[in-house]
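Working through the structure, step by step
The primary structure of each chain is shown beneath.
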Amino acid sequence: MTKISKAACIGGGVIGGGWIARFLLAGIDVDVFDPHPEAGRIVGEVIANAETAYAMLTGAPLPPRGRLRFCTTLQEAVTDADWIQESVPERLDLKRGVLTEIDAAARPDALIGSSTSGLLPTDLQCDMKHPERLFVAHPYNPVYLLPLVEIVGGAKTSAATIRAAMERLPPIGMKGVHIAKEIEAFVGDRLLEALWREALWLIHDDICTVETLDDVIRYSFGLRWAQMGLFQTYRIAGGEAGMRHFLAQFGPCLAWPWTKLTDVVDLDDALIEKIGRQSDEQAAGLSIRALERIRDENLVGILQALKGGDSGKGWGAGKLLKDFEQTLWARGGDAAASADPSKPLRLVETKVSPAWVDYNGHMTEHRYLQVFGDTSDALLRLVGVDLAYVEAGHSYYTVESHIRHLGEAKLGQAIHSACQILSADEKRLHVFHTLRDTATGAVIATAEQMLLHVDSKAGKAVAAPAAVLDRVKAIAASHAELALPEGTGRHVGQRR
């Protein structure tokens, strides 16, 4: 089994809530245990942010959201789970006790991951009866957007557990990196700690403010790191001679007294107040939730840009997103395959997210085209024009669209789109989509589209193969018995 069927999350704070959202949006049911009295509200706010981010992140068809259940005991939450993620506060005694409880109540084959930022898995698993299934799964905030997970085994963690954990992450859009040796703070936090320590000294010595320091990062090397990391960035800096030249040129600088990395700054009341005051000024009144939404929107933009790099093949986290979307598109045919061909095919079910609305609170115009485009894509997958078909060099291209806005789709509204094939021949596919309010059935918009089957490499229309045409014509023949939708053939501005 290489996918997670059911997850349990113990702890629903910033990191635990991010794990919950990541699982839910991947279509996985999640049981949660968190004794905090406001756990439901906190997790709900994280999920809302995640849903907004995913609406911007991808147009691929997400699976139906998993079921979320809050449990009254830890034992109830973990009983049936095959991946259990512990995200309680960073105290060794607390985590060790919680993980031992999880171990006692979980299924024998369940994987148990800890979200610790730096505690050693050997120390965490020492009281467990089945320590071989415990590993560190250290994510980065926000977990629902940043895909990396550091996978670290302890002295008693089995190699099979590490392999299983690594295999189960790609289907939920995450990338596992196996840290070969157990070490405090692993890799990512050690790098962050070095930067953080130097940053605190720069503020302490009044070299700059927190805003200036952040500007130095976000307007310079932060942009480079987002797509190439550290070593590949420096390889380029070495010119045509590459990394060896860079090391020869800048290696001696490491002996210069540039940093205070071995000195620990005294976080006394005065320094804490200075950093706190400057941070308040930098935030300019924005709440934490508002900053989270800004952060998420920026991250989505970066991921989308990286997805298109390297001649469309993607780069870094963008390549991972591109691969994840391919799995979503491949799975997206399930709903279409179950549609009743004797009726307009109900192919897209969605909800108007905050990312889809304009200043009036209504779904913005280009999102209508997105929904109708998704409807056409779902139809094409149903007739065999899937990703493999497109990669082989053929597809259907939309050459004409006429959208009518007849109602208003508003924030949070459940909507669905259905497709009726009006006509089809060897090269052409004429379709009519209707977007409705799921609750009332009221028509919100329609789209009439003409698609041509093309040889994408030759750049011209060609006849579709028999395997595709047979499926298209079977649906078209069934739809020929239906009445033409109101508005068919209408041109812009034409009245009834």
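Everything quoted here is computed from the prediction, not taken from an experiment.

Quick look at the sheet that holds strand β4 (residues 83-86) now. Read from one edge of the open sheet, eight strands run β3-β2-β1-β4-β5-β6-β7-β8, paired in mixed fashion. Two strands close off the open sheet at either side, each with one partner strand: β3 (68-70) and β8 (175-178). On average, each strand axis in the sheet is inclined to that of its neighbour by 25°, with strand direction left out of account. Relative to strand β5 (residues 111-114), β4 is paired through four bridges, and the arrangement is parallel. Pairing of W83 across the sheet is with L111, part of β5.

Okay, empty space enclosed by the protein next. All chains considered together, the criterion is met by one cavity of 30 Å³ or more. Looking at the largest cavity, its volume works out to about 110 Å³. Lining the largest cavity, in full, are R22, Y54, L57, Y144, L145, P147, G173, L303, A317, L320, L321 and F324. Those elements giving two or more residues to the lining of the largest cavity turn out to be α2 (39-57) and α15 (317-331).

Per the UniProt record, "domain: 3-hydroxyacyl-CoA dehydrogenase NAD binding" (unreviewed entry) is annotated on residues 6-182. With 36% helix and 21% strand, residues 6-182 has its two end C-alpha atoms placed 28 Å apart.

What follows covers the side chain of K95. Mapped onto the secondary structure, K95 falls in helix α4 (residues 92-105). Judged by its relative accessible area of 0%, K95 falls in the buried class. At 3.0 Å, the side chain of K95 forms a polar contact with the backbone oxygen of V88. Residues within four places of K95 in sequence aside, it is in contact with E86, S87, V88, P89, E90, S114, S115, T116, L119 and L124.

A word on the pattern of salt bridges. Taken as a whole, this structure holds 27 salt bridges when the rule is applied. As a salt-bridge pair, D109 and R107 come within 2.9 Å of each other at their nearest N and O atoms. The partner of E486 in a salt bridge is R404, and the shortest N-O contact between them spans 3.3 Å. Pair noted here: E486 is in the segment after α19 (466-479) and R404 is in strand β10 (residues 394-405), with a separation of 82 residues, a long-range link.

At a minimum axis separation of 10 Å, helix α7 (residues 188-204) and helix α12 (residues 269-283) run at an interaxial angle of 95°. For the element pair α7 / α12, the angle class is roughly perpendicular. On α12, the residues that touch L200, I203 and H204 of α7 are L271, K274, I275 and Q278.

Two quantities define a packed helix pair, namely the angle between the axes and the distance from one axis to the other. Two elements in contact, α7 and helix α8 (residues 210-218), have axes whose closest approach is 10 Å; the angle formed by their N-to-C orientations is 140°. It follows that α7 is oblique to α8 by the angle criterion. Seen from above, α7 lies across α8 with right-handed handedness. Facing L195, A199, L202 and I203 of α7, the residues of α8 in contact are V210, L213 and I217. Looking at side-chain class alone, the contact of α7 with α8 contains seven nonpolar, no polar and no charged residues.

Moving on to the environment of S478. Inspection of the secondary structure assignment puts S478 in helix α19. Exposure remark for S478: the relative accessible area of 21% places this residue in the partly exposed category. In the structure, S478 is positioned 310 residues away from R168 in sequence and 41 Å away in space, judged by C-alpha atoms. Among all residues touching S478, those that are not within four sequence positions of it are P341 and S342. One polar contact links the side chain of S478 to the main-chain carbonyl oxygen of P341, over a distance of 2.7 Å.

What follows concerns the domain arrangement of the protein. Once the domains are mapped, the protein shows domain 1 (6-184), domain 2 (193-285) and domain 3 (340-481). One C-alpha centre belongs to domain 1, the other to domain 2; they are set 31 Å apart.

Moving on, we get to a nonpolar patch on the surface. On the surface, a cluster of nonpolar side chains totalling about 480 Å² of accessible area is made up of L195, W225, L230, F231 and Y234. Inspection of the secondary structure assignment puts F231 in helix α10 (residues 231-237).

Quick look at α7 now. The terminal C-alpha atoms of α7, which comprises 17 residues, lie 24 Å apart, in line with the 24 Å expected from a rise of 1.5 Å per residue. On the buried face of α7, the contacting elements are β6 (134-139), β7 (148-153), α8 and α12.

Moving on to the UniProt feature "domain: 3-hydroxyacyl-CoA dehydrogenase C-terminal" (unreviewed entry) in the protein. The feature "domain: 3-hydroxyacyl-CoA dehydrogenase C-terminal" (unreviewed entry), as given by UniProt, occupies residues 186-252 in the numbering adopted here. Secondary structure within residues 186-252 divides into 75% helix and 0% strand; the distance between the first and last C-alpha atoms comes to 27 Å.

Here we come to the packing of aromatic side chains. All told, the structure shown has seven aromatic pairs when counted by the stated rule. A centroid spacing of 6.4 Å and a plane angle of 35° characterise the contact between W19 and W83, whose relative ring orientation is tilted. Of this pair, W19 sits in helix α1 (residues 14-25) while W83 sits in strand β4; the two residues are 64 residues apart in sequence, bridging distant segments of the chain. Here W19 and W83 have matching classes, each one buried. Seen from their ring centres, Y234 and F246 are 4.4 Å apart, and the 20° between their planes marks the pair as stacked.

With that settled, consider the nonpolar core. In this structure, F23 and W83 are the most contacted members of the largest nonpolar core, which totals 39 residues. Counting residues per element, the ones that place at least two in this core are β1 (6-10), α1, β2 (29-33), α2, β6, β7, α6 (159-168) and α13 (288-307). Among the elements that make up this core, the one with the highest residue count is α2 (seven residues). Those residues in contact with F23 that sit more than four places away from it in its chain are I4, A7, C9, I28, V30, W83 and I172. By size, the runner-up hydrophobic cluster in this structure holds 36 residues, among which are A55, M363, Y389 and A476.

Turning next to α6. Every buried residue of α6 is accounted for by T161, I162, A164, A165 and R168. Taken down its axis, α6 places every buried residue within 165° of arc, on the same side. The exposed set on the far side of α6, more than 90 degrees from its buried face, consists of A159 and R163. Structurally, α6 contributes buried residues whose contacts are with β4, β5, β6, β7 and β8.

Cut-offs applied
- Residues numbered from 1 in each chain as written.
- Predicted model: local features only at pLDDT ≥ 70, side-chain atom pairs only at ≥ 80, totals over all residues.
- Heavy atoms only, no water.
- Pairing = 2+ DSSP bridges.
- Helix = DSSP H or I, 4+ residues; strand = E, 2+ residues; numbered from the N terminus.
- Axes fitted to C-alpha atoms, helices over the stretch in contact; angles between N-to-C directions.
- 1 Å grid on protein atoms, 1.4 Å probe; cavity = no way out; pocket = protein on both sides within 12 Å on 5 of 7 lines; lining within 4 Å.
- Points joined across faces, edges and corners; volume = space filled by probe spheres on them.
- UniProt positions renumbered as here; feature names shortened; annotations may be inferred.
- Buried < 20%, exposed > 50% of the residue type's maximum accessible area, 1.4 Å probe, protein only.
- Polar contact = N/O pair within 3.5 Å; in protein donor to acceptor, adjacent residues only side chain to side chain.
- Contact = heavy atoms within 4.5 Å.
- Salt bridge = Lys/Arg side-chain N within 4 Å of Asp/Glu carboxyl O.
- Parallel < 35°, antiparallel > 145°, perpendicular 65-115°, else oblique.
- Left-handed = near helix turned anticlockwise from the far one by under 90°.
- Nonpolar A, V, L, I, M, F, W, Y, C, P; charged D, E, K, R; others polar.
- Domains from an automatic or database assignment.
- Patch = residues over 30% accessible without salt bridge, like charges linked within 9 Å, V, L, I, M, F, W, Y side chains within 5 Å.
- Areas by Shrake-Rupley, 256 points an atom, 1.4 Å probe, with all protein chains shown as cover.
- Expected span 1.5 Å × (residues − 1).
- Phe/Tyr/Trp six-rings, centres within 6.5 Å; stacked < 30°, edge-to-face > 60°.
- Core = buried A, V, L, I, M, F, W, Y, C linked by side-chain atoms within 4.5 Å.
- Arc of directions from axis to C-beta.

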